[in-house]
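# Structural overview for review
What follows is the residue order along each chain.
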Amino acid sequence: MPAPALITLIVGDEELLVDRAVAAVVASAREVDPEVDVHDLVPAQVGLSTLVEVTSPSLFGDRRVVVLRSSQDLTKDLAATVVDYLSSPADDVNLVLTHAGGAKGKALLQAATKAGAHRVDCKGPTKGPERVAFVKGEFSAAGRQITGDAAQALVDAVGTELREIAAACTQLIADTEGRVDAAAVARYHSGKAEASGFTVADRTVEGRLPEALEQLRWSLAVGTAPVLINSALAGAVRGIAVAAQPPRGMSEADLAKRAKVPPWKMRGLRQQARGWNVRGVTRAMAVVAETDALIKGGGRDPEYALERAVIEIARARGIR
């Protein structure tokens with residue numbers, strides 16, 4: 001694996017693809033130096049002193065990977081500092097900038113391009129055939145094959161959220177052998193279990209804790225992967241965050257796009273958002289992130305982690 005470029009520009013708002021692109025840079029850097037330090041930062045964590053510290057050349061020659069997420073949201077002063085850095089980057093720092101790709105923060109985007117940054121575009125699939133192609137790509141990357149009708153059935157069962165589609169592919173690859181056909185998808189992903197994951201999420205953000213826990217236990221009992229359930233929780237919390245405090249003047253269609261739901265679902269989200277405030281949403285988002293880490297290897301009992309998440313998120317609805 002070749003060493004990563006000194007500057008990598010990851011453009012797009014599809015979170016799964018952005019996360020994968022960042023992970024690829026980190027993995028490449030660790031191939032060169034297993035002890036490389038990684039600083040993964042979001043705008044709220046970045047101050048001028050922090051930025052200067054992590055991007056300054058090391059006195060001991062230690063390599064670093066510095067990831068600046070959502071760089072379009074950096075303050076004007078910080079963005080200017082990054083632009084200055086791009087003109088003369090340190091040779092022991094691999095800087096990774098993620099940018100949503102819109103007009104906001106365009107000057108930084110242009111400066112990174114001018115500096116010769118290695119660009120990675122992360123535009124997710126928006127149409128049915130593109131999602132089917134994504135499923136086929138996931139199987140191909142794992143050295144497996146899936147038929148066209150099976151890929152379509154998987155997309156129909158899981159929905160449009162790319163992270164959920166990817167998680168469903170991972171589960172199906174682990175649970176089957178050989179070429180996957182529509183019959184295998186019907187056995188493992190009939191949609192029943194996935195639907196229960198969304199039911200868990202709906203009951204949780206509505207604060208209906210006993211029902212949410214009952215649905216969680218049923219969902220786990222029928223074999224739904226914990227990562228799918230937590231993904232449903234993440235989607236529900238994200239929707240609440242948008243619906244609870246919609247930006248003034250934003251249309252229903254734009255709100256739906258921001259929440260990553262169909263426009264018809266916004267009315268239900270508005271009802272679910274009643275009783276939520278900023279503190280509660282912030283806490284719920286933190287719980288989802290913690291649970292994601294526990295499910296993906298940071299903890300020993302994913303089912304316990306999910307039960308705790310459901311309880312904590314339902315309680316967050318009542319934070320005042």
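Residues numbered from 1 in each chain as written. Predicted model: local features only at pLDDT ≥ 70, side-chain atom pairs only at ≥ 80, totals over all residues. Heavy atoms only, no water.

By the naming in an unreviewed UniProt entry, the chain is DNA-directed DNA polymerase, taken from Nocardiopsis alba. Quoted verbatim from the Sequence similarities (unreviewed entry) field of the UniProt record, the comment on the chain reads "Belongs to the DNA polymerase HolA subunit family." UniProt, in its Catalytic activity (unreviewed entry) section for the chain, records the words "DNA(n) + a 2'-deoxyribonucleoside 5'-triphosphate = DNA(n+1) + diphosphate". (UniProt positions renumbered as here; feature names shortened; annotations may be inferred.)

### What to know about the side chain of Thr176
Here Thr176 lies in the loop between helix 7 (162-175) and helix 8 (182-188). The exposure class of Thr176 is buried, given its relative accessible area of 12%. In terms of polar contacts, Thr176 uses its side chain to reach the backbone carbonyl oxygen of Leu172, at 2.7 Å. Non-local contacts of Thr176, meaning those with residues more than four positions away in its chain, are made with Arg144 and Tyr188. (Helix = DSSP H or I, 4+ residues; strand = E, 2+ residues; numbered from the N terminus. Buried < 20%, exposed > 50% of the residue type's maximum accessible area, 1.4 Å probe, protein only. Polar contact = N/O pair within 3.5 Å; in protein donor to acceptor, adjacent residues only side chain to side chain. Contact = heavy atoms within 4.5 Å.)

### A few points about the environment of Val32
Among the secondary structure elements, Val32 is positioned in helix 1 (residues 15-32). With relative accessibility at 49%, the residue Val32 sits in the partly exposed group. Taking C-alpha positions, Val32 is 6.3 Å from Ala3, a pair spaced 29 residues apart along the chain.

### Description of the side chain of Arg131
Mapping Arg131 onto the fold places it in helix 5 (residues 128-141). One buried charge, Arg131, has no salt-bridge partner; the nearest side chain with opposite charge is Glu130, at 6.9 Å. Setting aside residues up to four positions removed in sequence, Arg131 forms contacts with Pro125, Thr126, Val155, Thr160 and Ile165. (Lys, Arg positive; Asp, Glu negative; His and termini not counted. Salt bridge = Lys/Arg side-chain N within 4 Å of Asp/Glu carboxyl O.)

### Examining the environment of Gly239
Residue position: Gly239 is located in helix 11 (residues 226-244). For Gly239, a relative accessible area of 1% gives the class buried. Apart from residues no more than four positions distant in its own chain, Gly239 is found in contact with Ala259 and Leu269.

### Focus: the pattern of salt bridges
Any two side chains of opposite charge can pair, so long as their charged atoms come close to each other. The tally for this structure, following the rule as stated, stands at 15 salt bridges. Across the pair Arg69 and Asp19 runs a salt bridge, and its minimum N-O distance is 2.9 Å. On the criterion of sequence distance, the pair formed by Arg69 in the loop between strand 3 (64-68) and helix 3 (76-86) and Asp19 in helix 1 is long-range, its members being 50 residues apart. A relative accessible area of 29% places Asp19 in the partly exposed class. Between Arg208 and Glu211 there is a salt bridge whose closest N-O contact spans 2.7 Å. By relative accessible area, which is 36% here, Arg208 ends up partly exposed.

### Brief notes about the state of the cysteines
Applying the stated criterion to the full structure yields 0 disulfides. Note on Cys122: no disulfide assigned, nearest cysteine sulfur contributed by Cys169 at a separation of 17 Å. (Disulfide = S-S within 2.5 Å.)

### Structural notes on the packing of helix 2 (residues 48-55) against helix 3
At a minimum axis distance of 10 Å, the contact between helix 2 and helix 3 shows a crossing angle of 20°. In this view, helix 2 runs roughly parallel relative to helix 3, as classed from their interaxial angle. At the point where helix 2 passes helix 3, the crossing takes the right-handed sense. Contacts between helix 2 and helix 3 involve Leu48, Leu51 and Thr55 on the former and, on the latter, Leu78, Thr81, Val82 and Tyr85. (Axes fitted to C-alpha atoms, helices over the stretch in contact; angles between N-to-C directions. Parallel < 35°, antiparallel > 145°, perpendicular 65-115°, else oblique. Left-handed = near helix turned anticlockwise from the far one by under 90°.)

### Here's the deal with the sheet that holds strand 3
Read from one edge of the open sheet, 5 strands run 2-3-4-1-5, paired in parallel fashion. With one partner strand each, in any of the chains shown, strand 2 (37-41) and strand 5 (118-121) form the two edges of the open sheet. Going across the sheet, the axis of each strand differs from the next one's by a mean of 15°, ignoring polarity. (Pairing = 2+ DSSP bridges.)

### With respect to helix 12 (residues 252-259)
Among all positions of helix 12, only Leu255, Ala256 and Ala259 are buried. Projected onto a plane normal to the axis of helix 12, the buried residues spread over an arc of 100° and lie on a single side. For helix 12, the secondary structure elements touched by its buried residues are helix 11 and helix 13 (266-273). A positive backbone phi angle near 60° is found at Lys260, which sits one or two residues after helix 12. (Arc of directions from axis to C-beta.)

### As for helix 4 (residues 106-114)
Inspection of helix 4 places Leu108, Leu109, Ala111 and Ala112 among the buried residues, and these make up the whole buried set. Seen from one end, helix 4 has its buried residues packed into an arc of 165°, which puts them on one side. For helix 4, the exposed residues lying more than 90 degrees away from the buried face are Ala107 and Lys114. Considering only its buried residues, helix 4 is in contact with strand 1 (7-11), helix 3 and strand 4 (93-99). Directly after helix 4, the chain includes Gly116, whose backbone phi takes a positive value near 85°.

### Quick notes on the environment of Leu162
Turning to its location among the elements, Leu162 is positioned in helix 7. A relative accessible area of 2% places Leu162 in the buried class. A C-alpha to C-alpha distance of 21 Å links Leu162 and Ala184, two positions 22 residues apart in sequence. Residues contacting Leu162, with those up to four places away along its chain left out, are Glu14, Leu16, Leu17, Pro125 and Phe134.

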